[in-house]
Protein chains: 2
Amino acid sequence: MKTFNSSNFKLGILGGGQLGKMLLQPAMNYGVDVSILDPDPASPCSFFCKNFHLGSFNDYNTVYNFGRHLDLITIEIENVNVEALKRLEAEGVTVYPQPHIIELIQDKGLQKDFYKEHNIPTSPYLKIQNREELKYYEEKFPAVQKLRKAGYDGRGVFKINSIDDLPKSFNEPSILEDLIDFDKEIAVLVARNAAGEIKTFDVVEMEFDPKANLVELLFTPAKIDEQIELKAKEIATDVVEKLKIVGLLAVEMFVTKTGQVLVNELAPRPHNSGHHTIEACITSQYEQHLRAILNLPLGSTELRRPAVMVNLLGEDDFVGEAKYIGINEISKLDGVYLHLYGKKITKPFRKMGHVTIIDHNLDNAFEKAKIVKDTFKIQA
Amino acid sequence: MKTFNSSNFKLGILGGGQLGKMLLQPAMNYGVDVSILDPDPASPCSFFCKNFHLGSFNDYNTVYNFGRHLDLITIEIENVNVEALKRLEAEGVTVYPQPHIIELIQDKGLQKDFYKEHNIPTSPYLKIQNREELKYYEEKFPAVQKLRKAGYDGRGVFKINSIDDLPKSFNEPSILEDLIDFDKEIAVLVARNAAGEIKTFDVVEMEFDPKANLVELLFTPAKIDEQIELKAKEIATDVVEKLKIVGLLAVEMFVTKTGQVLVNELAPRPHNSGHHTIEACITSQYEQHLRAILNLPLGSTELRRPAVMVNLLGEDDFVGEAKYIGINEISKLDGVYLHLYGKKITKPFRKMGHVTIIDHNLDNAFEKAKIVKDTFKIQA
């Protein structure tokens, strides 16, 4: 790959959402020449990138033409045109994460097969082609059906309690997973650069909003035994070694009530579960991803202070121009960092921003998180 | 002023250099709609702001037309057209810092008069109109002549050792300051919002490169007595209260060998002496400036870890397309943050970037700073 040693180094990002914006911020510190491709003219990155290209990252020609004059391409969303990336790679453009890994992760069926093949612990599963096939697996219910492709942020997931639920199930290629009676959901972010150096961040624990089926809050250190922490990091490292990915990988895992750690799913990019690293760690996940793909030594993942991250979702019942309520109140709290993504339109449960709270004491951070949740609203 | 409560809030920044870029980064977290005016089409901000306007911030019409549709205007350089800002202010656009304060600070003569009038300790001075007048003050030499206007980064300053130096002195309105036999140069950053809330950062101590007459390195905590630290903060707070500035103010000071603290000069904006706050403090100077001008509660200025900041200057004897040497080596050091400004052309002593080093132990940070200085080069 071309070595990064000047401000003429051309980095392209597929996707211009909030993850792209948070990746852009440290990229600004490296003085690289950034181009971004996104179909939304009002996407968070569109306001902050001179070389913002309007177009679909799913379209072969759009991605190919976007990428052919760049030195390095990365992603902030995995739902991109892999064929175009493969051609770019073949023509000498560096693409990290590698297109074949994006392709693997785009398909939950292939992801599961990968775990199985490499002895990575995960919940038992079946691959099915359509709704009709589900009938034969009644003994598996309750179970979870997940679309093989294009699931995102809780979409594409359906819980089948009994055969009566089948009319509402997906009639597309899916996986059927055993329902895991888990105790906790955790995530480990791990990065690997082209030289093979690997570093993991500390485990984060997630709390979900059952209504939105989205992470409502996450925190670190996770409230788990040291042994589980180690096991989770080992598994995440193992996944990265087996994949040989270059870049950041988010490994979401279940901790079962019997203390098993099972991989749930992967994201080959900076991830919602690592927002807190911006203020809480020596190196943020975004900078770590940049270091990995630029083939620089990885940064320290040391946690400087315990942290809680709260997602700011558009309030239920409000659609329209976003209004932020409570900025003054939460700005009074020390160690509370507001991140608004600058999306002009709010919708129920749309990710409009997040708040990270750091404190020497995790309980204090939780108290502040409660104030943030009670005080800060996004309405229209 | 219009209250900031949506992403339609329009913030304008006069100046698109590195300070503007570092102000833009936290502005991205507030989701505000940012416009930037700068005469250089390749200025650091030009690549990262959709609403980048090419034009002179010294030109009345350019500044007026840039600002008339904005909600709030601020600066990253004080050398701007104040008359246009006054008109904008009269027409209802909020301008912070206030134009009359920018005007005062633009003129070192008025700055000095302000100190005198408000009993703010500073070195004795005279105002002179031209070189001719200097002849009458021979008894003052050695002394320092400073241009009243447009001095910047060591330019516009001339040391007069004896009457023999007069042919090389400035023949313009200047101040003639007594030469201060100082022990240290320090700076205090202090912010004030429109509600009158004031917060100071800890004192930073500066080390100058005698050849470039530029800050080479700064660190905090400063190696000064607690009493001097308190006195410096008191003076900085006093200046801000007397000015009633809204925004951030950098107060550069001398500590004399007899323990006096004298104000040297002011900058009504984020400042080189506060770069380290990005990683070393709970709130960065850039975010603090935003909070102040948006009239939000100010953030905690707590120093999270001791820090050293090294300016990265273009190496002597190199002019042309900048090449960065040593990125790999310095990226191996924990707690070392590279900030490249993305300027494509390097020149001797041009500010091309900076590195901040944080460490629990200041001496360790100095050791890493030494490695950075010895390893990282900007050549062409």
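Source: prediction; values computed, not measured. (Residues numbered from 1 in each chain as written. Chains lettered and ligands numbered in written order. Predicted model: local features only at pLDDT ≥ 70, side-chain atom pairs only at ≥ 80, totals over all residues. Heavy atoms only, no water.)

K.L.:
Would you mind going over the nonpolar core in detail, with residue names and values included?
P.N.:
Counting residues in hydrophobic clusters, the biggest one holds 102 residues, and the most contacted among them are Val 308 and Phe 376 of chain A together with Val 308 and Phe 376 of chain B. Setting aside anything within four residues of it in sequence, one finds Phe 376 of chain A in contact with Leu 312, Tyr 324, Ile 325, Gly 326, Ile 327, Ile 330, Leu 338, Leu 340 and Ile 371 of chain A. (Core = buried A, V, L, I, M, F, W, Y, C linked by side-chain atoms within 4.5 Å. Buried < 20%, exposed > 50% of the residue type's maximum accessible area, 1.4 Å probe, protein only. Contact = heavy atoms within 4.5 Å.)

K.L.:
Now, about the sheet that holds strand E5 (residues 94-95) of chain A: what can you tell me, with residues and values included?
P.N.:
Residue and element names in this part refer to chain A. Across the sheet, which stays open at both edges, the five strands sit in the order E3-E2-E1-E4-E5 with parallel pairing between neighbours. Across the chains shown, the open sheet's two edge strands, defined by having one partner strand only, are strand E3 (51-54) and E5. Of the strands in this sheet, strand E1 (10-14), strand E2 (33-38), E3 and strand E4 (72-75) touch helix H2 (residues 60-67), which is tilted by about 175° from E2. (Pairing = 2+ DSSP bridges. Helix = DSSP H or I, 4+ residues; strand = E, 2+ residues; numbered from the N terminus. Axes fitted to C-alpha atoms, helices over the stretch in contact; angles between N-to-C directions.)

K.L.:
Requested: an account of the pattern of salt bridges, with residues and values cited.
P.N.:
Applying the stated criterion across every chain yields a total of 38 salt bridges over all chains. Notably, a salt bridge pairs Lys 370 of chain A with Asp 374 of chain A, separated by 2.7 Å at the nearest N-O pair. Placement of the pair is Lys 370 of chain A and Asp 374 of chain A together in helix H11 (residues 362-375), with a separation of four residues, close to one helical turn. For Lys 112 of chain B, the salt bridge identified is with Glu 177 of chain B, shortest N-O distance 2.6 Å. Separated by 65 residues along the polypeptide, Lys 112 of chain B in helix H5 (residues 108-117) and Glu 177 of chain B in strand E9 (residues 174-178) bring together distant segments of the chain. Considered together, Lys 112 of chain B and Glu 177 of chain B belong to a single accessibility category, that of buried residues. Via salt bridges that share partners, Lys 112, Lys 146 and Glu 177 of chain A belong to a single interconnected network. (Salt bridge = Lys/Arg side-chain N within 4 Å of Asp/Glu carboxyl O.)

K.L.:
Could you give me a rundown of the side chain of Ser 273 of chain A, with the residues and numbers involved?
P.N.:
All names here are of chain A. Position of Ser 273 among the secondary structure elements: in the loop between strand E15 (261-267) and helix H8 (277-280). By relative accessible area, Ser 273 is classed as buried at 1%. Here His 271 takes part through its side chain, which lies 2.7 Å from a polar atom of the side chain of Ser 273. The contact partners of Ser 273, leaving out residues within four places of it in the chain, are Ala 187, Leu 189, Val 204 and Leu 218. (Polar contact = N/O pair within 3.5 Å; in protein donor to acceptor, adjacent residues only side chain to side chain.)

K.L.:
A description of the UniProt feature "binding site: ATP" (unreviewed entry) in chain A should follow, citing residues and the corresponding values.
P.N.:
Residue and element names in this part refer to chain A. As annotated in UniProt, the feature "binding site: ATP" (unreviewed entry) corresponds to Lys 108, Lys 146, Glu 177, Asp 178, Leu 179, Ile 180, Glu 185, Asn 264 and Glu 265 in the numbering used here. Relative to the assigned elements, Lys 108 resides in helix H5 (residues 108-117). The exposure class of Lys 108 is buried, given its relative accessible area of 11%. Residue contacts for Glu 177: discarding those within four places in its chain leaves Lys 112, Ser 123, Pro 124, Tyr 125, Ala 143, Val 144, Lys 146 and Asn 264. (UniProt positions renumbered as here; feature names shortened; annotations may be inferred.)

K.L.:
Residues and numbers for the pairing of strand E16 (residues 307-313) of chain A, please.
P.N.:
Residue and element names in this part refer to chain A. Burial analysis of E16 places seven of its seven residues in the buried class, the great majority of the element. What you see with E16 is no split at all: Ala 307, Met 309, Asn 311 and Leu 313 on one side and Val 308, Val 310 and Leu 312 on the other are buried throughout. The sheet contact formed by E16 and strand E21 (residues 351-358) spans seven bridges and is antiparallel. What sits directly across from Leu 313, in E21, is Lys 351.

K.L.:
I'd like a description of the interface of chain B and chain A, backed by residues and values.
P.N.:
Taken together, the contacts link 56 residues of chain B with 56 residues of chain A. Surface buried jointly by chain B and chain A totals about 4,600 Å² across both partners, of which 48% is contributed by carbon and sulfur atoms. Among the residues of chain B in contact with chain A, Met 28, Phe 48 and Arg 304 of chain B are the three that bury the most area, contributing 16% of the side total. The interface formed by chain B and chain A contains two salt bridges. A salt bridge links Glu 302 of chain B to Arg 305 of chain A; its shortest N-O distance comes to 2.7 Å. Scanning the region where chain B abuts chain A turns up 27 residue pairs in polar contact (both at pLDDT 80 or more). Listed by contribution, the elements that provide at least two residues to the side of chain B that touches chain A are helix H1 (18-29), strand E2 (33-38), helix H8 (277-280), helix H9 (285-293), strand E18 (323-325), helix H10 (327-331) and strand E19 (336-340) of chain B. Across the side of chain B that touches chain A, the residue classes break down as 24 nonpolar, 17 polar and 15 charged. (Buried area = accessible area lost by both parts, 1.4 Å probe. Nonpolar A, V, L, I, M, F, W, Y, C, P; charged D, E, K, R; others polar.)

K.L.:
Give me the environment of Val 310 of chain A: which residues, what numbers.
P.N.:
All names here are of chain A. If you trace the backbone, Val 310 turns up in strand E16. A relative accessible area of 2% places Val 310 in the buried class. Separated by 183 residues in sequence, Val 310 and Lys 127 place their C-alpha atoms 34 Å apart. Setting aside its immediate chain neighbours within four residues, Val 310 contacts Glu 216, Leu 217, His 354, Val 355, Ile 357, Ala 369 and Lys 373.

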